[in-house]
Amino acid sequence: MTQRESFPDTSAVSRIVIGQYGDASALTVLEDTLPAPAAGEIRVRHTAIGVNYVDIYHRTGLYRLPSLPAVLGVEAAGVVEALGPGVDSVRAGQRIAYAGPPTGGYASARNLPADRAIVLPDDVSDDAVASLLLRGITTHMLFSYVYPLKAGDTVLVHAAAGGLGLVLLQWAKALGARVIGTVSSPAKAVLAMEHGLDHAINYRETDFVTEVMRLTDGRGVDYAVDGIGGQTLVDTLGCVRPYGMVANVGQVAGDSGPLDLSLLGPTRSVALSRPGVFRFMTDGARYREGALATIRQLQAGLRPTIGDILPLSEAAQAHRRLEAGQTAGAMLLRP
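Residues numbered from 1 in each chain as written. Predicted model: local features only at pLDDT ≥ 70, side-chain atom pairs only at ≥ 80, totals over all residues. Heavy atoms only, no water.

A. How the structure looks around helix α1 (residues 53–60). Across the eight residues that make up α1, a large majority, six, are buried. The complete set of buried residues in α1 reads Val-54, Asp-55, Ile-56, Tyr-57, His-58 and Arg-59. At its buried positions, α1 is contacted by β1 (11–18), β2 (27–34), β3 (41–51), α2 (126–146), α7 (277–280) and α9 (315–323). Just past α1, the residue Gly-61 takes up positive phi, approximately 90 degrees. (Buried < 20%, exposed > 50% of the residue type's maximum accessible area, 1.4 Å probe, protein only. Helix = DSSP H or I, 4+ residues; strand = E, 2+ residues; numbered from the N terminus. Contact = heavy atoms within 4.5 Å.)

Below you can see the structure in the form of structure tokens.
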């Protein structure tokens with residue numbers, strides 16, 4: 001009996017589906033069955049599902065999905081349950097994780113292109129990798145491709161106690177950089193400092209531009225990573241040294257609108273990048289490179305911080321908490 005034949009042709013599955021774009025109430029639970037995996041696919045039974053802000057962008061339609069109805073979710077870990085024809089890169093029973101499109105992670109199980117599966121070593125837990133694989137690949141992109149961060153650089157990280165922020169600051173410290181981070185509360189400042197942050201700025205109490213310039217003796221940071229957008233992005237341009245860079249990777253606070261090039265230079269002479277991790281991962285080699293770099297960081301001591309674990313059926317509540325800024329670290333859904 002082959003590995004594929006040892007499993008049934010269909011499998012019961014719980015999915016979180018949106019039929020139309022909207023608020024968190026658009027998320028509904030659907031009980032369904034999965035067909036046998038097609039050629040080049042695997043069926044994975046999820047053990048941990050990551051919740052990311054991009055899921056909210058997908059739910060609201062800010063980032064349009066190929067079609068509706070659709071299952072959200074771009075990151076998870078689990079066990080390979082069945083193989084489609086022609087798959088020899090993984091085995092049934094192996095633990096794997098994945099990140100990025102196609103969406104479909106908000107489900108107890110799914111069929112997935114086999115080339116997205118990253119086999120996990122024994123010393124990396126499902127929860128750990130599901131909480132930060134996408135963020136790890138994003139960090140690898142930001143620090144290796146967008147701006148090669150090096151020892152001695154100073155980097156500004158917005159939302160330093162958030163899921164991405166905690167990965168960014170630990171990775172930057174591992175590279176020998178000095179890290180300044182913005183946070184929204186004293187408790188989040190403590191959390192970020194416990195993960196290695198050098199300087200925390202509570203932006204609700206202090207003007208972060210003034211404080212960054214004070215901390216850098218008026219020079220500005222070498223690199224700033226902004227996942228907030230809106231006015232925060234505009235203000236961040238004033239925190240960077242001449243010929244430094246700002247990378248914008250999100251717009252929690254909304255679109256900044258058209259930016260006047262005079263905000264970049266020639267007086268300031270700063271660069272602005274808008275890199276997309278999904279575009280980065282369309283190259284299979286880069287995807288695997290970023291995933292393996294993330295696993296190496298975990299093995300070397302990168303600490304995953306999981307603030308909440310909710311049942312899969314409570315995905316809507318997870319979205320509400322994330323949108324309200326009520327989370328610190330990562331959030332998982334448990335099938």
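After that view of the structure, there is still more to cover.
B. Focus on the environment of Tyr-243. Topologically, Tyr-243 is positioned in strand β13 (residues 240–248). Judged by relative accessible area, Tyr-243 falls into the exposed class, the value being 65%. Each C-alpha atom, one on Tyr-243 and one on Ala-271, is 6.7 Å from the other, the two residues being 28 residues apart in sequence. When sequence neighbours within four positions are dropped, the list of residues in contact with Tyr-243 reads Arg-268, Ser-269 and Val-270.

C. Broad picture of the pattern of salt bridges. Within the structure shown, the criterion is met by 12 salt bridges. A salt bridge links Glu-323 to Arg-59, with the shortest nitrogen-to-oxygen separation between them at 3.0 Å. Taken as a pair, Glu-323 in helix α9 and Arg-59 in helix α1 lie far apart in primary sequence, 264 residues in all. The exposure class assigned to Glu-323 is partly exposed, which follows from its relative accessible area of 36%. Note that Arg-241 and Asp-222 form a salt bridge whose closest N and O atoms lie 2.5 Å from each other. Of this pair, Arg-241 sits in strand β13 while Asp-222 sits in strand β12 (residues 221–226), placing them 19 residues apart in sequence. Both residues of the pair, Arg-241 and Asp-222, belong to the buried class. (Salt bridge = Lys/Arg side-chain N within 4 Å of Asp/Glu carboxyl O.)

D. Fine view of the packing of α2 against helix α3 (residues 163–174). Direction vectors running N to C along α2 and α3 enclose 50 degrees, while the axes themselves pass 9 Å from each other. By the criterion of interaxial angle, the relationship of α2 to α3 is oblique. For α2 against α3, the interelement crossing comes out right-handed. Contacts between α2 and α3 involve Leu-132, Arg-135, Gly-136, Thr-138, Thr-139, His-140, Leu-142 and Phe-143 from the first element and Gly-163, Leu-164, Val-167, Leu-168, Trp-171 and Ala-172 from the second. Of the residues in the contact of α2 with α3, the class split is eight nonpolar, five polar and one charged. (Axes fitted to C-alpha atoms, helices over the stretch in contact; angles between N-to-C directions. Parallel < 35°, antiparallel > 145°, perpendicular 65-115°, else oblique. Left-handed = near helix turned anticlockwise from the far one by under 90°. Nonpolar A, V, L, I, M, F, W, Y, C, P; charged D, E, K, R; others polar.)

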